[in-house]
Amino acid sequence: MSEGRPAARVLLLSLGGTIAMTADDGGAVTPALGAGELAAAVPGLADVAAVEPESFRTIPGAQLGFADLAALAERIERAAGEGFDGVVVTQGTDTLEETSFVLDLLAPRLPVVFTGAMRNPTVAGPDGPANLLGAASLAASPAARGLGVTVLLGDEIHAARHVRKGHTQSPAAFTSSAGPLGWISEGTARVALRPPAPPPLELAAAGSARVALLTAALDDDALLLDAAVAGADGIVIEALGGGHLPPAWPERIGAAVAGGTPVVFASRTGAGEVLARTYGFDGSETDLLARGAISAGWLDGPKARLLLTLLLRAGADVERVRTSFAAYLGSVAAPGGPTR
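All of the points below concern the structure found in this document. Residues take numbers from 1 onward in each chain, read along the sequence in its written order. Thresholds applied to this predicted model are a pLDDT of at least 70 for local features of residues and 80 or more for the giving and counting of side-chain atom pairs; totals over whole chains, interfaces and linings are not thresholded and use all residues. Note: side-chain values were computed over all heavy atoms of the structure, leaving out hydrogens and water.

1. Looking at the packing of aromatic side chains
Now for step 1: Stacked, tilted and edge-to-face are the three classes assigned to paired rings of Phe, Tyr and Trp, where Trp is represented by its six-membered ring and a pair needs centres within 6.5 Å; plane angles under 30 degrees give stacked, over 60 edge-to-face, the rest tilted. Applying the stated rule across the entire model yields three aromatic pairs.
Now for step 2: For the pair Phe 101 and Tyr 328, a centre-to-centre distance of 6.3 Å together with 75° between the ring planes defines the contact as edge-to-face. Linking Phe 101 in helix α4 (residues 96–105) with Tyr 328 in helix α10 (residues 318–331), this pair joins segments that are 227 residues apart in sequence. Summarising the burial analysis for this pair, Phe 101 and Tyr 328 share the class buried.
Now for step 3: Members of the aromatic cluster, joined through ring pairs, are Phe 101, Trp 298 and Tyr 328.
Now for step 4: In this scheme, the term charge over a ring applies when either NZ of a lysine or CZ of an arginine sits within 6 Å of the ring centre and within 35 degrees of the ring normal. One residue, Arg 9, lies across the ring of Phe 84, its end atom 4.1 Å from the ring centre.
Now for step 5: Sitting over the face of the ring of Phe 66, Arg 313 holds its NZ or CZ atom 4.3 Å from the ring centroid. Here a strand is any run of E in DSSP of at least two residues, a helix any run of H or I of at least four, and the numbering for each starts at the N terminus. For every residue, the accessible area obtained with a 1.4 Å probe (protein chains only) is divided by the maximum for its type, and the residue is called buried under 20%, exposed over 50%, and partly exposed between those limits.

This is the structure:
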């Protein structure tokens, strides 16, 4: 290594997404750039880390699946034995809040930083190069150790367990209800907050489990819930307000749980915790809990679905799902304030 070059080795795994897109003959953009091309487009990247690029996938974020994440987790685990100090993953922002959360649940040994771009390289002011530079700075920093999996966009460091995409186009689309853990200043990662580590859970990225994600609405007759009970291994419901459902839902939920299907309820609001003991009407949070439904606590619907899926892939039954959710939610600080 040449004089002055940083000692930290960072593995850059590119998965595609907007950050890697170029225009086709019709002017629409699709993923095309590999990890080496992404790294070459970032001025000063070699000054923050010895980045070793590896093209892992070249697809839109919306096309990623659990099989890709299982393979990604395996690659990151191998990197821990190859002398790397950290890993940066670039991908499409459509599913970035979900993929980063899955990796966080799987607890990789190395610091892992996810990033992407809201503006593709063909438009004025693409944000991908700056985001990649910041992510590499964080992955190379000793401050990243013990943070869990993080997300870096717009020089803000977010915990994967709390981050959300809250806008379709804004470069400032990603926020956390708990607020950022820190920031990048003049190429240096500054970490102001350290969330507590979640408990080890028996989880599996590989395997098979179908988990339905449903959103309740005014006067909803639970037609989709009936379909989910018939075909899913588990169900997550984005309930109204603090965890409330229309009259057609509660009895069906109780029957599903009695039949061995775990049913988790979150809030569709996107912020705050599901209540546990405030309201007592049919379809309230106390009624759903009495019927055997499982609280998602402060997890939103998509993240609750991911935790449930990984548990079911590992062979968890309803009771183990219940205790695992309680252990996870009880160990990790709940966020506060609006997400958008």
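Once you've had a look at it, read on.
2. Here we look at the sheet that holds strand β4 (residues 50–59)
Now for step 1: In short, DSSP must find at least two bridges between two strands for them to pair. Spatial ordering of the open sheet is given by β4-β1-β5-β6-β7-β8-β11-β12, a layout of eight strands whose pairing is mixed. Looking at the sheet topology across the chains shown, the edges are occupied by β4 and β12 (188–191). Mean inter-strand twist for the sheet, computed between neighbouring axes without regard to direction, equals 25°.
Now for step 2: With two bridges joining them, strand β8 (residues 156–159) and strand β11 (residues 182–185) adopt antiparallel strand pairing. Each bridged residue has a counterpart across the sheet, and for Ile 157 the counterpart in β11 is Gly 182.
Now for step 3: Contacts are residue-level and defined by heavy atoms, with any inter-residue pair within 4.5 Å sufficient. Inter-axis angles, ranging from 0 to 180 degrees, are taken between N-to-C directions of lines fitted to C-alpha atoms, where helices are fitted over the stretch in contact. Most of the contacts of helix α3 (residues 66–80) go to β4, to which it runs at about 165°, and overall it touches β1 (9–16), β4, β5 (86–90) and β6 (112–115).
Now for step 4: Seen against the sheet, helix α5 (residues 128–140) touches β1, β4, β5, β6, β7 (150–153), β8, β11 and β12 and runs at an angle of roughly 155° to β5.

3. Section: the packing of α4 against helix α9 (residues 301–313)
Now for step 1: Here α4 crosses α9 at 40°, and the two axes come no closer than 10 Å. As summarised for this structure, α4 and α9 are arranged oblique, according to the angle between their axes. For the pair α4 and α9, the sense of crossing is right-handed. Where α4 approaches α9, its residues Glu 97, Glu 98, Phe 101, Val 102 and Leu 105 are matched on the opposing element by Pro 302, Lys 303, Arg 305, Leu 306, Leu 307 and Leu 310.
Now for step 2: Here the contact of α4 with α9 is composed, by residue class, of seven nonpolar, no polar and four charged. Every angle not falling under 35 degrees, over 145, or within 65 to 115 is termed oblique; those three ranges are roughly parallel, roughly antiparallel and roughly perpendicular. Left-handed describes a crossing whose near helix is turned anticlockwise from the far helix by less than a right angle; the clockwise case is right-handed. Residues are grouped as follows: Ala, Val, Leu, Ile, Met, Phe, Trp, Tyr, Cys and Pro are nonpolar; Asp, Glu, Lys and Arg are charged; all remaining types, including Gly, are polar.

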